[in-house]
Amino acid sequence: MTRAPLITLNDGHSIPQVGLGTWPLDDDQAATAVVQALEAGYRHIDTAVKYGNEQGVGNGIRASGVDRDELFITTKLDGQFQGNDRAVEGLEGSLERLGLDYVDLLLIHWPLPARDEYISTWRTFERLQAEGKVRSIGVSNFKPSHLERLMAETDTVPALNQIQLSPAITRAAEREFHDKHGIVTESYSPLGGSGAGLLGAPILSQLGEKYGKTPGQMVLRWHVQHGIVTIPKTANPERMRENLDIFDFALDPQDLAELAILDEGPGTGNDSDVTGH
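All chains use their own residue numbering, which begins from 1 and follows the written sequence. Two thresholds apply to this predicted model, a pLDDT of at least 70 for residue-level local features and 80 or more for giving and counting side-chain atom pairs, whereas whole-chain, interface and lining totals are computed over all residues. The side-chain figures draw on all heavy atoms in the structure; neither hydrogens nor water molecules are used.

- An unreviewed UniProt entry annotates the protein chain as Oxidoreductase of Pseudarthrobacter scleromae.
- Under the heading Sequence similarities (unreviewed entry), UniProt records this for the protein chain: "Belongs to the aldo/keto reductase family." UniProt positions are given in the numbering used here, feature names are shortened, and annotations may be inferred rather than shown by experiment.

The structure is reproduced here in structure tokens:
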């Protein structure tokens, strides 16, 4: 059984560097996937209200028999829970569906800057953290401009920002900003770019032959060596084990640098100033 190393957050808590993403699984699929992932050695599970599978994730946790203290569970609240104290009701619903007393990480799913409610939402997150209903608080899809305002107008620097990121969508400026301010970068869709061809890139097959690994493992190892937390999503038990089997080798600096050719440029990927839910 492989276990991912831990990354320390700015509040002192630790997050496993590789977790299981659960979108777009339904409740039944999520329950099965969580059990299989925990059997494979995962201890970090990512879900969200919008995914509609929190109950399934909770069922999988209970069915696995793994102690709650061993797990790191993330959920996210989307726009319907932004503004004033709406996040209180949002978290209560998530905890009920998950069957948990707390979550390890609660994220604002999107900034939705046109609505201008993420500041008041963050203040509610701060209170929920102080009450012990969530261990760590963070954001998702936030740009540096959103983070700058958040840090200027509130008391807590986000522990983590979960963003769309891969060797094709590198978000170098965002990662640099996170590092400067002690915010952990977490990537979703780590195995995909703006198109569907990332894993078919010849360089990944070439390096895979060199290291005895798959193209997907090359990509996930790229994340690990850049200090990024990542949550590849799959319901395939074999793929789960493969995605976790990336800690017995390291890419040479030259090989790591060569993967820069996969970068599609800073304009690719989601633009959270104009999209979100």
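Some details on the packing of helix H5 (residues 144-153) against helix H6 (residues 172-181)
Thinking step 1. Contact geometry for H5 and H6: axes closest at 10 Å, N-to-C directions at 20°. Judged by the inter-axis angle, H5 sits roughly parallel to H6. In contact with Pro 144, Leu 147, Glu 148 and Met 151 of H5, H6 contributes Glu 174, Phe 177, His 178 and His 181.
Thinking step 2. Among the residues making up the contact of H5 with H6, the classes are represented as four nonpolar, two polar and two charged. To define axes, lines are fitted to C-alpha atoms, for helices over the stretch in contact only, and angles between the resulting N-to-C directions are given on a 0 to 180 degree scale. Each helix is a run of DSSP H or I of at least 4 residues and each strand a run of E of at least 2, with the numbering of both proceeding from the N terminus. Between 65 and 115 degrees an angle is taken as roughly perpendicular, under 35 as roughly parallel, over 145 as roughly antiparallel, and anywhere else as oblique. Contact between two residues is taken to exist if any of their heavy atoms lie within 4.5 Å; hydrogens are not considered. Under the scheme applied here, ten amino acids are nonpolar (Ala, Val, Leu, Ile, Met, Phe, Trp, Tyr, Cys and Pro), four are charged (Asp, Glu, Lys and Arg), and all others, including Gly, are polar.

A short note on the packing of aromatic side chains
Thinking step 1. Centre distance within 6.5 Å is the pairing criterion for rings of Phe, Tyr and Trp, where only the six-membered ring of Trp is used; planes under 30 degrees apart are then read as stacked, over 60 as edge-to-face, and the remainder as tilted. Evaluation of the coordinates by the stated rule reveals three aromatic pairs.
Thinking step 2. When the ring of Tyr 118 is compared with that of Phe 142, the centres are 5.2 Å apart and the planes differ by 75°; the resulting orientation is edge-to-face. Here Tyr 118, found in helix H4 (residues 118-130), pairs with Phe 142, found in the loop between strand S7 (134-140) and H5; they are 24 residues apart in sequence, far enough to count as distant. Phe 142 shares its class with Tyr 118; the two are buried.
Thinking step 3. For the cation-ring pair, Arg 68 lies above Tyr 102, with the distance from its terminal atom to the ring centre recorded as 4.1 Å. Categorising residues by exposure relies on relative accessible area from a 1.4 Å probe, with only protein chains included: less than 20% of the type maximum marks a residue as buried, more than 50% marks it as exposed, and the intermediate range marks it as partly exposed. Consider the ring centre and the ring normal. A charge sits over the ring if Lys NZ or Arg CZ is within 6 Å of that centre and within 35 degrees of that normal.

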